[in-house]
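Per-entry structural report
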Amino acid sequence: QVQLVESGGGLVQAGGSLRLSCAGSGRTFSNYAIAWFRQARGKERECVSPIDWTGRIYADSVTGRFTISRDNPKNTVYLQMNSLKPEDTAVYYCAAGSYGTKQSPNFYDYWGQGTPVTVSS
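Residues numbered from 1 in each chain as written. Predicted model: local features only at pLDDT ≥ 70, side-chain atom pairs only at ≥ 80, totals over all residues. Heavy atoms only, no water.

Turning our attention to the packing of aromatic side chains. All chains considered together, the criterion is met by five aromatic pairs. Ring geometry for F37 against W111: centres 4.9 Å apart, planes inclined by 50 degrees, an arrangement best described as tilted. Here the residue F37 occupies a position in strand β4 (residues 33-39), and W111 occupies one in strand β10 (residues 110-111), the gap between them amounting to 74 residues. By relative accessible area, F37 is classed as buried at 0%. Under the relative-accessibility criterion, W111 is labelled partly exposed at 29%. When the centroid spacing of 5.7 Å and the interplanar angle of 65 degrees are considered together, the rings of Y99 and F107 count as edge-to-face. (Phe/Tyr/Trp six-rings, centres within 6.5 Å; stacked < 30°, edge-to-face > 60°. Helix = DSSP H or I, 4+ residues; strand = E, 2+ residues; numbered from the N terminus. Buried < 20%, exposed > 50% of the residue type's maximum accessible area, 1.4 Å probe, protein only.)

Spelled out as structure tokens, the structure:
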């Protein structure tokens, strides 16, 4: 099993930056694909970016602004978010799965509790 804990969310002005962290437990953390999802109020959960040993994918809405990376010795995945927009406001979740860089939440078995991000205009 894997336990995930997100951190780094907060309130930021439009155009600002935040770095989210997803700390995982378990010796097999590096074997999992890790993805960042977000869910805005009243909307469905959206995949922002998954990463595994083969590569990474970005949603069109964040391409060029967000960067996902992972530090396997530290069991941590990061999401660097630059040029933030009010529409990036959401609760951000990280998730772990064994099916590669899938963008559907159905392919992820383990989830963190989420960290809120609010971007003011």
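There is more to say, and it comes next.
So, about the environment of Q1. As for its placement among the helices and strands, Q1 is situated in the segment before β1 (4-7). Residue Q1 is classed as exposed on the basis of its relative accessible area of 78%. Here the alpha-carbon distance between Q1 and V77, two residues 76 residues apart in the chain, equals 17 Å. In this view, Q1 contacts S25 and Y110; residues no more than four positions away in its chain are not counted. (Contact = heavy atoms within 4.5 Å.)

For the rest of this paragraph, the subject is the pattern of salt bridges. Throughout the structure, instances matching the rule amount to three salt bridges. The residue E46 makes a salt bridge to R38 at a minimum N-O spacing of 2.8 Å. On the basis of relative accessible area, R38 is assigned to the buried category, the value being 6%. Between D88 and R38 there is a salt bridge, with its nearest N and O atoms 2.9 Å apart. In this pair, D88 is assigned in the loop between β8 (76-81) and β9 (90-97) and R38 in strand β4, connecting sequence segments 50 residues apart. (Salt bridge = Lys/Arg side-chain N within 4 Å of Asp/Glu carboxyl O.)

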